[in-house]
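Listed here are the chains, written in short residue letters.
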There are 2 protein chains.
Amino acid sequence: MYINKISHYIPKTRVPNLYFSQLSGQDEDWIFQRTGIKTRSKAAKDENTNTMAIQASKQLSNIVNFPISEVDLIVGATYSPYDTVGTLAHAVQRSLNITNAKVVSISSACSSFINALEIVEGYFAMNKAKKAIIVASEHNSIYSNPENPKDGHLWGDGAVAVLVTKEKISEKDIHIKDILTFGLAHEGEGNLGVMLHPKFEGINMPHGNDVYLHAIKYMTELPKQLLKKNNMSVEDVDYLVPHQANIRIINKVAKKLKISKDKIFVNIEELGNTGCASSPIALSQNINILKKGDIIMMSVFGGGYSGGAVILEA
Amino acid sequence: MYINKISHYIPKTRVPNLYFSQLSGQDEDWIFQRTGIKTRSKAAKDENTNTMAIQASKQLSNIVNFPISEVDLIVGATYSPYDTVGTLAHAVQRSLNITNAKVVSISSACSSFINALEIVEGYFAMNKAKKAIIVASEHNSIYSNPENPKDGHLWGDGAVAVLVTKEKISEKDIHIKDILTFGLAHEGEGNLGVMLHPKFEGINMPHGNDVYLHAIKYMTELPKQLLKKNNMSVEDVDYLVPHQANIRIINKVAKKLKISKDKIFVNIEELGNTGCASSPIALSQNINILKKGDIIMMSVFGGGYSGGAVILEA
């Protein structure tokens, strides 16, 4: 399976650390030193998970070289939903008038994009789909509390849409070589490490250190495991595209994998943690620097817990 | 693929029509005549989507004849989430200590159970899983407004857990012969027909008549389409298990399909609309009346819109 096209949408507003330090009393420099975040993207008042998903998907449809009506599967990914009935995947189906597609939205927290890729892989294996849109969109700003000094400053908003095909369509298509996911709710604090109760208090991270340690562990181990399965090694990896939760997690993972910093796609300094959209947005932002044959490793970890890794070949 | 075991959990409380007529001014008899609902199940204060999913899954694990740790895939289904990060699927993974599984939760509104079945079918096709738990759980009572005279009285709470295996394990296993799903957001009012904005107003059904008409249309057409594909006809169907949104929809579908009422599994009179859990709960409630060789048709429609059908053989 292949990534044919990718497109992202980031809301214009950037919120600086000063905003949070004024509300929560948390020091501006402390926020940057502890997280690597200087600003985070924030959706406008009339934007939400569905509108951002539509924006990213419309941009995607503009660069795809076949009628978008040929898409036969749409998988939405979000943990910060605007609508759990008319989901982001449904909003995209209607907006692009795709009339013959399977449509579903998923959450496995920040690892959802890779879970969505694996679900698409399954539809391709069954021959029930051949051309899929995966759209990941997060609207963290409505579910987070800027007055919370522990985690209120972490979150960004944004969306990304990816056209994934079973067959290769163009020479520039990126080969999805292999996909690995794991549910990790049995580990550590598991499904109580990070919570988002949409009806009640929104995002809450009572066990930040446990999340931090497990993120480093699995964002290191899963890529190694997947490389080994494919008779490859870390030396083969040209770029690492990690989940963007915290620059300290990214740096620790890079150090353990012995991948130098110039090989890592990072957007957390400007965007904050844009959830399951963060690593595919980073891929989309850097898509034009990839050269034929480059190996790209995506590695993600989600509160809940869950993890995933993907090997791509440009 | 096969249904090996199925188990459901319904909260004890039943709320009568009188409760809603006192709050919304809607006549008790009108509610019954328009919906077929006399009471609806309501979760206790300390219950939620995740706790009900755990209850149903623990009961399931008690009747499964192999170590539940052999489960390698858990798919949660809900549009009324308690936690979108530590989802119901993650809660079940942790609660049953299933340490080697892929874990994801999905929503395609009231059709989600059949979407979940199709996703499991994909994992089986890839040989990435062989034994899956699908757990559907809905906590409608926290997202609906009992004072709304249009739709406040419709909703029930409950959960169901299903053990689905790639290979046949016992003679009593139910064969899943074929699965069909469609995203239908391009039809009628589409993703604006029914909405659940978890952060804002909860469930809202501004286009009830449009939902009603499309539910009847697709809950009739999709079974016919799937039967035709399998060289079968409606005469082959021993039982219909429809989504339980409204008895008038069920009766219209039955009339159009020419299936007599005694062949239909119905629980809406007692439970109300328990969302994507409703039809698998109805299957679970009637599992012991099935005889070897019986053909069971599940047919569902979800706000959003989406539809699905499944042919089962006992």
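Rules used in this analysis
Residues numbered from 1 in each chain as written. Chains lettered and ligands numbered in written order. Predicted model: local features only at pLDDT ≥ 70, side-chain atom pairs only at ≥ 80, totals over all residues. Helix = DSSP H or I, 4+ residues; strand = E, 2+ residues; numbered from the N terminus. Rg over C-alpha atoms; globule rule 2.2 N^0.38 Å. Contact = placed C-beta atoms within 7 Å. Nonpolar A, V, L, I, M, F, W, Y, C, P; charged D, E, K, R; others polar. Pairing = 2+ DSSP bridges. Buried ≥ 20, exposed ≤ 12 C-beta atoms within 10 Å, placed from the backbone. Arc of directions from axis to C-beta. Core = buried A, V, L, I, M, F, W, Y, C linked by C-beta atoms within 7 Å. Domains from an automatic or database assignment. Axes fitted to C-alpha atoms, helices over the stretch in contact; angles between N-to-C directions. Left-handed = near helix turned anticlockwise from the far one by under 90°. Least-squares fit on C-alpha atoms with pLDDT ≥ 70 in both. Parallel < 35°, antiparallel > 145°, perpendicular 65-115°, else oblique.

**A few points about the overall build of chain A**
Looking only at helices and strands, chain A has 10 helices and 13 strands in total. Against the compact-globule benchmark of 20 Å for 314 residues, chain A has a radius of gyration of 18 Å, which places it among compact chains. Its C-alpha atoms give chain A principal-axis dimensions of roughly 55 × 45 × 35 Å. Within chain A, contacts between residues at least 6 apart in sequence are counted, and of these 79% link residues at least 24 apart.

**Examining the interface of chain B and chain A**
Across the contact, 51 residues belong to chain B and 51 residues belong to chain A. Elements with a minimum of two residues in the side of chain B that touches chain A: α4 (88–96), β5 (102–107), α5 (112–125), α6 (140–143), β8 (174–183) and β9 (195–197) of chain B. Classifying every residue of the side of chain B that touches chain A gives 25 nonpolar, 21 polar and five charged. Of the pairings in the sheet, the one linking strand β5 (residues 102–107) of chain A to β5 of chain B comprises three bridges and is antiparallel in character.

**Observations concerning unusual backbone geometry**
Residues and elements named next belong to chain A. Following Gly-304, the chain continues to Tyr-305 via a peptide bond in cis, the omega torsion being -20 degrees. When you line up the elements, Tyr-305 lands in the loop between β12 (295–302) and β13 (306–313). Positive phi, close to 60 degrees, is recorded for Asn-127, a residue that is not glycine. Residue position: Asn-127 is located in the loop between α5 (112–125) and β6 (131–139).

**Regarding the pairing of strand β6 (residues 131–139) of chain B**
Residues and elements named next belong to chain B. Burial analysis of β6 places nine of its nine residues in the buried class, which makes it a mostly covered element. Side chains Lys-131, Ile-133, Val-135, Ser-137 and His-139 of β6 all project onto a buried face; the interleaved residues Ala-132, Ile-134, Ala-136 and Glu-138 project onto the opposite face, where all are buried too. Pairing analysis gives five bridges linking strand β4 (residues 73–77) to β6, with the strands arranged parallel. Residue Ala-77 lies in a different strand from β6, and its bridge partner there is Ala-136. As paired strands, β6 and strand β7 (residues 157–165) are joined by nine bridges and run antiparallel to one another. By the bridge assignment, Lys-131 is partnered in β7 with Thr-165.

**Digging into helix α8 (residues 247–257) of chain A**
Residues and elements named next belong to chain A. Burial in α8 covers these residues: Ile-249, Ile-250, Val-253 and Leu-257. Burial along α8 is one-sided: seen end-on, the buried residues are contained in an arc of 100 degrees. Contacts made by the buried residues of α8 are with α7 (208–229), β11 (239–242) and β12. Once α8 ends, the next one or two residues include Lys-258, with phi positive near 60 degrees.

**Side note on the environment of Tyr-143 of chain A**
All names here are of chain A. With respect to the helices, strands and loops of the structure, Tyr-143 is situated in helix α6 (residues 140–143). Taking the C-beta count within 10 Å as the criterion, Tyr-143 has 23 such neighbours and is therefore assigned buried. Along the primary structure Tyr-143 and Ser-233 are separated by 90 residues, whereas in three dimensions their C-alpha atoms are 39 Å apart.

**As for the nonpolar core**
If you look at the biggest cluster of nonpolar residues, it comprises 210 residues, and the most contacted ones within it are Val-75 and Ile-134 of chain A together with Val-75 and Ile-134 of chain B. Those residues within four positions of Val-75 of chain B in sequence are excluded, and the remaining contacts are Ala-89, Val-104, Ile-106, Ala-116, Ile-119, Val-120, Ala-132 and Ile-134 of chain B.

**Some thoughts on the domain arrangement of chain A**
Residue and element names in this part refer to chain A. With domains assigned, chain A is organised as domain 1 (2–165) and domain 2 (174–313). Relative placement of domain 1 and domain 2: their C-alpha centres are 16 Å apart. Each side of the interface is counted separately: domain 1 has 47 residues, and domain 2 has 44 residues. At the level of secondary structure, the elements contributing two or more residues to the side of domain 1 that touches domain 2 comprise β1 (2–9), β3 (39–42), α5, β6, α6 and β7 (157–165). With seven residues, the single largest contributor to the side of domain 1 that touches domain 2 is α5. Class assignment of the residues belonging to the side of domain 1 that touches domain 2 gives a composition of 20 nonpolar, 18 polar and nine charged.

**Some points on the packing of helix α1 (residues 17–24) of chain B against helix α2 (residues 28–35) of chain B**
All names here are of chain B. Where α1 contacts α2, the two axes come as close as 8 Å, and the packing angle between them is 115 degrees. In the packing of α1 onto α2, the handedness of the crossing is right-handed. Along the contact surface, α1 presents Asn-17, Leu-18, Phe-20 and Ser-21, while α2 presents Glu-28, Ile-31 and Phe-32. Considered class by class, the residues forming the contact of α1 with α2 number four nonpolar, two polar and one charged.

**Looking at the relation of the copies chain B and chain A**
For the pair chain B and chain A, the superposition axis carries a translation of 0.0 Å, the fit reaches an RMSD of 0.0 Å, and the rotation angle comes to 180 degrees. A rotation of that kind, with that shift, is consistent with a two-fold axis.

**A closer look at the packing of α5 of chain A against α5 of chain B**
Where α5 of chain A contacts α5 of chain B, the two axes come as close as 8 Å, and the packing angle between them is 75 degrees. Judged by the angle between their axes, α5 of chain A and α5 of chain B are roughly perpendicular. Contacts from Ile-119, Gly-122, Tyr-123 and Ala-125 of chain A in α5 of chain A reach Ile-119, Gly-122, Tyr-123 and Ala-125 of chain B in α5 of chain B. Taken together, the residues that form the contact of α5 of chain A with α5 of chain B break down as six nonpolar, two polar and no charged.

**Considering the environment of Gln-244 of chain A**
Residues and elements named next belong to chain A. Assignment of secondary structure puts Gln-244 in the loop between β11 and α8. Distance in space between the C-alpha atoms of Gln-244 and Ile-281 is 9.9 Å, their sequence separation being 37 residues. Among all residues touching Gln-244, those that are not within four sequence positions of it are Val-266, Asn-267, Ile-268, Asn-273, Thr-274, Ser-278, Ser-279 and Ala-282.

**Considerations on the environment of Asn-17 of chain B**
All names here are of chain B. Mapped onto the secondary structure, Asn-17 falls in helix α1. The class for Asn-17 is buried, based on 20 C-beta atoms found within 10 Å. In this structure, the C-alpha to C-alpha distance between Asn-17 and His-153, residues 136 residues apart in sequence, is 7.2 Å. Residues in contact with Asn-17, not counting those within four places in the same chain, are Glu-28, Ile-31, Phe-32, Lys-38 and His-153.

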